[in-house]
Amino acid sequence: SQQSDPSWQFQIPSPRVSFPKQYGFGAPEAAAWFLGELGPAAKAALPELTDTMEKGRLCVRVLAGRAIWKIDQNPAKVLPTLTRALSEREDLEVYLALGTFEEMGPGAEAATPALLSCINDRKVRWAQRRAAWNVLQKIDPAAAAKVSLR
């Protein structure tokens, strides 16, 4: 069995590895997502995820931020990256950031100003504004109660 074989070790995937495009969703994105799903067991990947969150493409930065939060449960480290994603207005990245805020719950309350900006900006697509409002209701219900999507 693998457990009795001393040569077997748990391998942490790298968010920087690149696979051919034929695999669809790129390896850095997949690695970041699954590292987050591992939670605290992926603690060894934090330095590389932090580097990726600071230097990668927007989608990878958002996923690396989500992974870092899921590993160490410290929203302060990742909120700046996630709130920047809201201002980019790219659907995938906005929804990934919003989903992460929702997972954080009240721990993402510092994102309230960015969410309000998204909600109140008439240039932002209606679906994104509505999704941001739904998330705001979960992380800061008092702020959400003062907002109208009209």
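This write-up is about the structure you can find in this document. Computed from a prediction, not measured in an experiment: that's the story for all the values here. (Residues numbered from 1 in each chain as written. Predicted model: local features only at pLDDT ≥ 70, side-chain atom pairs only at ≥ 80, totals over all residues. Heavy atoms only, no water.)

Focus on the environment of Tyr95
Right, so step 1: Considering the arrangement of structural elements, one finds Tyr95 in helix 5 (residues 91–104).
Right, so step 2: For Tyr95, a relative accessible area of 33% gives the class partly exposed.
Right, so step 3: Ignoring sequence-local partners within four residues, the contact set of Tyr95 consists of Ala127, Gln128 and Ala131. (Helix = DSSP H or I, 4+ residues; strand = E, 2+ residues; numbered from the N terminus. Buried < 20%, exposed > 50% of the residue type's maximum accessible area, 1.4 Å probe, protein only. Contact = heavy atoms within 4.5 Å.)

Here we look at the packing of helix 4 (residues 79–88) against helix 5
Right, so step 1: Relative to each other, helix 4 and helix 5 sit at 135 degrees, their axes nearing to 8 Å. As summarised for this structure, helix 4 and helix 5 are arranged oblique, according to the angle between their axes. In the crossing of helix 4 with helix 5, the sense of the turn from one axis to the other is left-handed. For the pair helix 4 and helix 5, contact is made by Leu79, Leu82, Thr83, Ala85 and Leu86 and by Glu93, Val94, Ala97, Leu98, Thr100, Phe101 and Met104, respectively. (Axes fitted to C-alpha atoms, helices over the stretch in contact; angles between N-to-C directions. Parallel < 35°, antiparallel > 145°, perpendicular 65-115°, else oblique. Left-handed = near helix turned anticlockwise from the far one by under 90°.)

Remarks on the nonpolar core
Considering soluble globular proteins, one finds that nonpolar side chains tend to be buried as a cluster.
Right, so step 1: With 43 residues, the main nonpolar core has Leu49, Leu98, Phe101, Met104, Leu115 and Leu136 as its most contacted residues.
Right, so step 2: At the level of elements, helix 1 (27–38), helix 2 (46–55), helix 3 (58–72), helix 4, helix 5, helix 6 (112–120), helix 7 (126–139) and helix 8 (141–145) are the ones that each hand at least two residues to this core.
Right, so step 3: The biggest single contributor to this core is helix 3, with nine residues. (Core = buried A, V, L, I, M, F, W, Y, C linked by side-chain atoms within 4.5 Å.)

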